Amino acid sequence: MSEQRTLVVAAASQSVVEKCIASVALSGKVTLLTTKKYSLPIESSTLYLDAAMFDEALEIDFPEYDSIVLVQPNDRVVSYLNVYRFLQKYNVEQVNILTPDKPVISTSVSKLLSYFSLSDVESSQVIHIDPQLIHDCVSLPQICHGQILSGDWDLDCVPFDSHISFYESLKQRVEQNVPWEDTHYFAEVLSDIRSGQSRFGCSSESDLIRHCAAMDSLFQSISEEGWIQSKAVDYVTIHISRDGKMLFADGRHRLSIAKQLKLKSIPVKVSVRHAQWVNFKAEVKSYANAFCHGRLYAPVEHPDFVEFEQTQDSSRYTLIQRNILPTSTTVLDIGSHWGYLCGFLEKFGYDCTAVEGDVKNFYFLDKLRTANQKQFKAVRTSIFDFEQSKFDAVLALNIFHHFIKTPELHKMFVTFLGKLDINEMFLQTHSTDEPQMIGAYKNYKDEEFARFVIEHSCLNRFELISDMEHGRKLFHLVK
Ligand SMILES: C[S@@+](CC[C@H](N)C(=O)[O-])C[C@H]1O[C@@H](n2cnc3c(N)ncnc32)[C@H](O)[C@@H]1O
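Since the structure is predicted, the reported quantities are computational estimates derived from the model, not experimental observations.

## Overview of helix 2 (residues 81-89)
Two residues of an α-helix separated by three or four positions point the same way, owing to the 3.6 residues in each turn.
Logical step 1: Of the positions making up helix 2, those classed as buried are Leu-81, Val-83, Tyr-84, Phe-86 and Leu-87.
Logical step 2: Next to the buried residues of helix 2 lie strand 1 (5-10), strand 2 (29-34), strand 4 (67-71), strand 5 (94-98) and helix 3 (109-114).
Logical step 3: Taken from the residues just after helix 2, Asn-91 is the one with a positive phi, measuring 60 degrees.

Written out as structure tokens, the structure is:
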């Protein structure tokens, strides 16, 4: 077997390189590529390069190495753009990055470069989110950018509001006109500067005063002109946890401003996704493919999902929201499927309960409810076994025709209607010529179906709200 050959690209001092190399115990033949005049105290060869190496044509045969190891003194990416470009020039794709005291990160040069590139970012990593949905922060090395990571990294989070001092201090500044110099943020950053650190590009108190004035201007400009996204490196960056929670990663100043201004939506760059979340997204996709040629019954609200085409008319959600009685606050959604409508109405302040009898549909409902941080109640049971209490409104969309297919179901349905204690119902009826109704015990046609429901429930009147796709109709029934 031929000897393993490793090229170590050293973007760090000798002591850092030695420490990193010792931590991974490289075997075989090691070649060091460095701009500094030092070599490694292990059996190795050294290629010295001038600092200008990155712009020159060099005689390095990258393909002859089995692995490329890049040593960086820290886990950030911004300072190493020239190195990544250099590797890209030689068609190096896979790299193992070593930093002191951190595990090896295996990544690709294109992922690292996508951190900087607006076009890549726009096409694949930018999503639009409501900034109020970010509650927690998690710290991951910047060099993990673009990765799908398993493990418990996403459980190790801290609350944004208390952890990011800028947010609280900005609030005081905006709402009580507190001078920056009297805020916790100013004191914290100044103390770091005095201990020798550089933070947010500030290494002196006067730098910090200028930085705070720039924050005032940024706040002013976003409040007057809205969010303007320019450079790729200026994006607010998030990670996505196993259950779809959006976790703050980078861009605290802009995110704090967006939260304070209560902006409805901002573009953010997704850096790392948890492997379980990626698997869940794939499950949704394969369900959609198996269910109806890549289409889904209703939308999936989470911003990390591409839009799926829907099989049902999407106008019905706003039609219901506009027609619901002003006195209604509690809503029961019968046969909720994946819970989109409950989540939609929750945004308008309704207290919703989703009842879904199918195990698989409930699985997706429950996961999406958590991912979208919804509060509505979700009950996995047949509506006939649901312990009923009083509700103001009932949503019965594309469901009641399932209850008229056999005499037994029909009987249970009539009993169920008789027990309803409600003020209104939205009823979406089926079309009587659908194949699923062949051989059905009863097949009530739209208005006839609305009248049947009225006859057996506490409701008294109905009106047609709209014709829907596939010959279905949406009715509003009231007391
Ligand atoms: C045709 S889908 C309609 C979904 C939703 N109402 C809509 O229009 O977007 C019917 C849903 O009702 C559920 N379902 C059927 N029978 C049920 C029952 N007895 N109790 C609760 N859910 C039921 C099905 O699993 C399915 O998710």
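## So, unusual backbone geometry
Logical step 1: Even without glycine at this site, Asp-101 takes up a positive phi of about 60 degrees.
Logical step 2: Relative to the assigned elements, Asp-101 resides in the loop between strand 5 and strand 6 (105-108).
Logical step 3: A positive phi is found at His-470, a non-glycine position, where the angle reads about 60 degrees.
Logical step 4: Within the secondary structure, His-470 is located in the loop between strand 21 (461-467) and strand 22 (473-478).
Logical step 5: For His-470, a relative accessible area of 49% gives the class partly exposed.

## Quick word on the site of the ligand
Logical step 1: Around the ligand lies a shell of 16 residues, among which Arg-316, Gly-335, Glu-356, Ile-383 and Leu-397 are the nearest.
Logical step 2: At 3.2 Å, a side-chain N or O of Ser-382 approaches a nitrogen atom of the ligand.
Logical step 3: Computed on the free molecule, the ligand has an accessible area of 590 Å², of which 84% lies beneath the protein chains in the complex.
Logical step 4: Split into classes, the residues belonging to the shell around the ligand amount to five nonpolar, eight polar and three charged.

## Quick notes on the layout of surface pockets
Logical step 1: Roughly 1300 Å³ of internal volume is contained in the largest pocket.
Logical step 2: Lining the largest pocket are 40 residues, and of these Arg-76, Ala-249, Asp-250, Gly-251 and Arg-252 lie nearest its centre.
Logical step 3: Listing elements by their share of the lining of the largest pocket, those giving two or more residues are helix 8 (205-225), strand 11 (236-240), strand 12 (246-250), helix 9 (252-260) and strand 13 (266-274).
Logical step 4: Partitioned by chemical class, the residues of the lining of the largest pocket number 16 nonpolar, 13 polar and 11 charged.
Logical step 5: Among the domains, domain 1 (5-114) and domain 2 (118-276) are the pair contributing at least three residues each to the lining of the largest pocket.

## Focus on empty space enclosed by the protein
Logical step 1: What the rule picks out here adds up to one cavity of 30 Å³ or more.
Logical step 2: What lines the largest cavity is a set of 13 residues, among which Trp-338, Gly-339, Tyr-340, Leu-368 and Asn-372 lie closest to the centre.
Logical step 3: Of all the secondary-structure elements, those providing two or more residues to the lining of the largest cavity are helix 12 (340-346) and helix 13 (359-371).
Logical step 4: Counting residues per element, the lining of the largest cavity draws most heavily on helix 13, at three residues.
Logical step 5: Along the lines of polarity and charge, the residues of the lining of the largest cavity split into seven nonpolar, three polar and three charged.

What counts and how
Residues numbered from 1 in each chain as written. Predicted model: local features only at pLDDT ≥ 70, side-chain atom pairs only at ≥ 80, totals over all residues. Heavy atoms only, no water. Buried < 20%, exposed > 50% of the residue type's maximum accessible area, 1.4 Å probe, protein only. Helix = DSSP H or I, 4+ residues; strand = E, 2+ residues; numbered from the N terminus. Contact = heavy atoms within 4.5 Å. Near = heavy atom within 4 Å. Polar contact = N/O pair within 3.5 Å; in protein donor to acceptor, adjacent residues only side chain to side chain. Areas by Shrake-Rupley, 256 points an atom, 1.4 Å probe, with all protein chains shown as cover. Nonpolar A, V, L, I, M, F, W, Y, C, P; charged D, E, K, R; others polar. 1 Å grid on protein atoms, 1.4 Å probe; cavity = no way out; pocket = protein on both sides within 12 Å on 5 of 7 lines; lining within 4 Å. Points joined across faces, edges and corners; volume = space filled by probe spheres on them. Domains from an automatic or database assignment.

Read these as layout, nothing more, since geometry by itself doesn't imply function.
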